[in-house]
Amino acid sequence: MKIDGNCHCGFITVEGDADPERVNICHCTDCQTRTGSAFGVSVQVAGPTFKMNGQPTTYLKTTADNGKPRIQAFCPKCGSQIYSTTPGEGQQPSYTVRVGLLKQRDQLIPKRQNWFRSSRNWVVSMDAIAKNEKQG
Ligand SMILES: [Zn+2]
Ligand SMILES: [Zn+2]
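Our subject in this report is the structure included herewith. Just so it is clear, the model here is predicted, and its values are computed rather than measured. Starting from 1, residues in each chain are numbered consecutively following that chain's sequence as written. Just so you know, chain letters begin at A and ligand numbers begin at 1, following the order they were written in. Only residues with pLDDT of at least 70 get local features here, since the model is predicted, and only at 80 or more are side-chain atom pairs given and counted; chain-wide, interface and lining totals rely on the full set of residues. Only hydrogens and water are set aside when side-chain values are computed; all heavy atoms of the structure are taken into account.

**Some remarks on the coordination of the zinc ion (ligand 2)**
Piece 1. Only nitrogen, oxygen and sulfur atoms within 2.8 Å of the metal, or 3.2 Å for Na, K and Ca, are treated as donors, and water is left out, so sites may look incomplete. Protein ligation of the zinc ion (ligand 2) involves Cys26 (SG), Cys28 (SG) and Cys31 (SG), the donor distances falling in the range 2.2 to 2.3 Å.
Piece 2. When the donor residues of the zinc ion (ligand 2) are listed from N- to C-terminus, their spacing reads C-x1-C-x2-C.
Piece 3. Throughout, exposure labels follow a simple rule: accessible area from a 1.4 Å probe, protein chains only, divided by the maximum for the residue type, with under 20% read as buried, over 50% as exposed, and the rest as partly exposed. Exposure remark for Cys28: the relative accessible area of 6% places this residue in the buried category.

Next comes the structure, spelled out in structure tokens:
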């Protein structure tokens, strides 16, 4: 499935071929910290198809929960999270792209929730939280 999108300020644009069966929610504590929120939602994009305009800032994070080093990329101007990938020179085999950037986000429905053991206990009962159609 073709995907495209941009960061909050528009400096970074991305496009590629995503696998809609590989849309994951991640409740790990690193994703909570990097998003400043309760969980991350990401989709796998095949490396050879992944194209980007604008140069993200990256850092190498050895994730606390699974011990694997990952490159984390974000917009240097607005701070939007763009992707994570494996460390190394040049194109990587795949990129884990943040679904919130993508115009196709309505069609990118999560298929699994990882690291559920560190999920916030209210995520399973969000329906019970008061809702406003716009700012409350
Ligand atoms: Zn930006
Ligand atoms: Zn995570």
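**Overview of the coordination of the zinc ion (ligand 1)**
Piece 1. Here the zinc ion (ligand 1) is held by Cys7 (SG), Cys9 (SG), Cys75 (SG) and Cys78 (SG), and the distances to it run 2.3 to 2.4 Å.
Piece 2. Irregular is the default label, applied whenever a site is not tetrahedral (four donors, all angles between 85 and 135 degrees) and neither square planar nor octahedral (four or six donors, opposite donors over 155 degrees apart, all other angles between 65 and 115). Bound by four donor atoms, the zinc ion (ligand 1) shows angles of 107 to 113° at the metal and therefore tetrahedral coordination geometry.
Piece 3. Taken in chain order, the donor set of the zinc ion (ligand 1) reads C-x1-C-x65-C-x2-C.
Piece 4. By relative accessible area, Cys9 is classed as partly exposed at 43%.

**Digging into the packing of aromatic side chains**
Centre distance and the angle of the planes are the two values used to describe a pair of aromatic rings.
Piece 1. Only rings of Phe, Tyr and Trp enter the pairing, Trp through its six-membered ring, and a pair is recorded when the two centres are within 6.5 Å. The plane angle decides the type: under 30 degrees is stacked, over 60 is edge-to-face, the rest tilted. Under the counting rule described, the total for this entry stands at four aromatic pairs.
Piece 2. Aromatic pair Phe50 and Tyr95: ring centres 4.5 Å apart, planes at 25°, arrangement stacked. Pair noted here: Phe50 is in the loop between strand E3 (40-46) and strand E4 (51-53) and Tyr95 is in strand E8 (residues 94-98), with a separation of 45 residues, a long-range link. You'll find Phe50 and Tyr95 in the same group, each marked buried.
Piece 3. Between the aromatic rings of Tyr59 and Phe74, the centroid separation amounts to 6.1 Å while the plane-to-plane angle is 65°, which identifies the pairing as edge-to-face. Placement of the pair is Tyr59 in strand E5 (residues 57-62) and Phe74 in strand E6 (residues 69-74), with a sequence separation of 15 residues.
Piece 4. Look at Tyr59 and you get partly exposed, because its relative accessible area is 34%. Helix and strand definitions follow DSSP, with helices as H or I runs of at least four residues and strands as E runs of at least two, each counted in order from the N terminus.

**Focus: the side chain of Ser119**
Piece 1. Inspection of the secondary structure puts Ser119 in the segment after strand E9 (112-114).
Piece 2. Owing to a relative accessible area of 14%, Ser119 belongs among the buried residues under this scheme.
Piece 3. The term polar contact refers here to a pair of N or O atoms within 3.5 Å; inside protein, the definition further demands a hydrogen-donor-capable atom paired with an acceptor-capable atom, and it admits residues adjacent in sequence only when both atoms are side-chain atoms. In terms of polar contacts, Ser119 uses its side chain to reach the backbone carbonyl oxygen of Phe116, at 2.8 Å.
Piece 4. We call two residues in contact whenever any of their non-hydrogen atoms come within 4.5 Å of each other. The contact partners of Ser119, leaving out residues within four places of it in the chain, are His27 and Gln32.

**Re the environment of Met1**
Piece 1. Summarising the element assignment, Met1 is placed in the segment before strand E1 (2-6).
Piece 2. C-alpha of Met1 to C-alpha of Val45: the two residues are 44 residues apart in sequence and 9.4 Å apart in space.
Piece 3. Setting aside anything within four residues of it in sequence, one finds Met1 in contact with Gly16, Asp17, Ala18, Pro20, Gln104, Gln107 and Leu108.

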